[in-house]
Amino acid sequence: MAIKVYSTPTCKWCNVLKEHLDSNNIKYVDVDVSKDTKGALEMIKKSGQRAVPVIDIDGNIIVGYDKEYIDKLLNAS
């Protein structure tokens, strides 16, 4: 399962999302879009959004912290 989280260090919901993934021992790649211009452009291309967090779970793009949908996708794999 490939998981990528697009976030910024000051985003409350980004940190909540990463804490949720960490607490469930789920591996992910974190892209800090405040410092990574290429990553920010990739996030915008995937989501059509400039807001964070954005999470990509095997090509399923979620904007914001939608815990139920995230857990559904994680448990489906």
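To continue, consider the sheet that holds strand β4 (residues 60-63). Read from one edge of the open sheet, four strands run β2-β1-β3-β4, paired in mixed fashion. Where the open sheet ends on each side, the last strands, each with one partner, are β2 (29-32) and β4. Mean inter-strand twist for the sheet, computed between neighbouring axes without regard to direction, equals 15°. Sheet topology places strand β3 (residues 54-57) next to β4; four bridges connect them, and they run antiparallel. Bridging from a neighbouring strand, V54 pairs with V63 of β4. The strands that helix α1 (residues 12-23) touches are β1 (3-7), β2 and β3; relative to β1, the one it contacts most, it runs at about 155°. Contacts from helix α2 (residues 37-47) reach β1, β2, β3 and β4 within the one sheet, and its direction differs from that of β1 by about 110°.

Another point: the pattern of salt bridges. Evaluation of the coordinates by the stated rule reveals four salt bridges. Here D71 and K67 are joined by a salt bridge, their closest N and O atoms 2.9 Å apart. Placement of the pair is D71 and K67 together in helix α3 (residues 67-76), with a separation of four residues, close to one helical turn. Owing to a relative accessible area of 19%, D71 belongs among the buried residues under this scheme.

In the structure shown here, the tally under the stated rule is one disulfide. Here C11 engages in a disulfide with C14; their sulfurs sit 2.5 Å apart. What sets the handedness of the C11 and C14 disulfide is the S-S torsion sign, and at about 85° it is right-handed. Like C14, C11 is buried.

This part takes up the pairing of β2. Two elements, β1 and β2, share four bridges in a ladder whose sense is parallel. In the strand pairing of β2, K4 is matched with V29. The parallel pair β1 and β2, bridged by α1, forms a crossover whose chirality is right-handed.

We now examine the nonpolar core. Counting residues in hydrophobic clusters, the biggest one holds 11 residues: I3, V5, L17, L21, I26, I55, I57, I62, I70, L73 and L74. Residue assignment for this core shows that the elements contributing at least two residues are β1, α1, β3 and α3. At three residues, the largest contribution of residues to this core is made by α3. Core analysis: the next-biggest nonpolar cluster, separate from the first, contains six residues, Y6, V33, M43 and V54 among them.

Rules and cut-offs
- Residues numbered from 1 in each chain as written.
- Predicted model: local features only at pLDDT ≥ 70, side-chain atom pairs only at ≥ 80, totals over all residues.
- Heavy atoms only, no water.
- Pairing = 2+ DSSP bridges.
- Helix = DSSP H or I, 4+ residues; strand = E, 2+ residues; numbered from the N terminus.
- Axes fitted to C-alpha atoms, helices over the stretch in contact; angles between N-to-C directions.
- Contact = heavy atoms within 4.5 Å.
- Salt bridge = Lys/Arg side-chain N within 4 Å of Asp/Glu carboxyl O.
- Buried < 20%, exposed > 50% of the residue type's maximum accessible area, 1.4 Å probe, protein only.
- Disulfide = S-S within 2.5 Å.
- Right-handed = clockwise from strand over helix to strand, strands pointing away.
- Core = buried A, V, L, I, M, F, W, Y, C linked by side-chain atoms within 4.5 Å.

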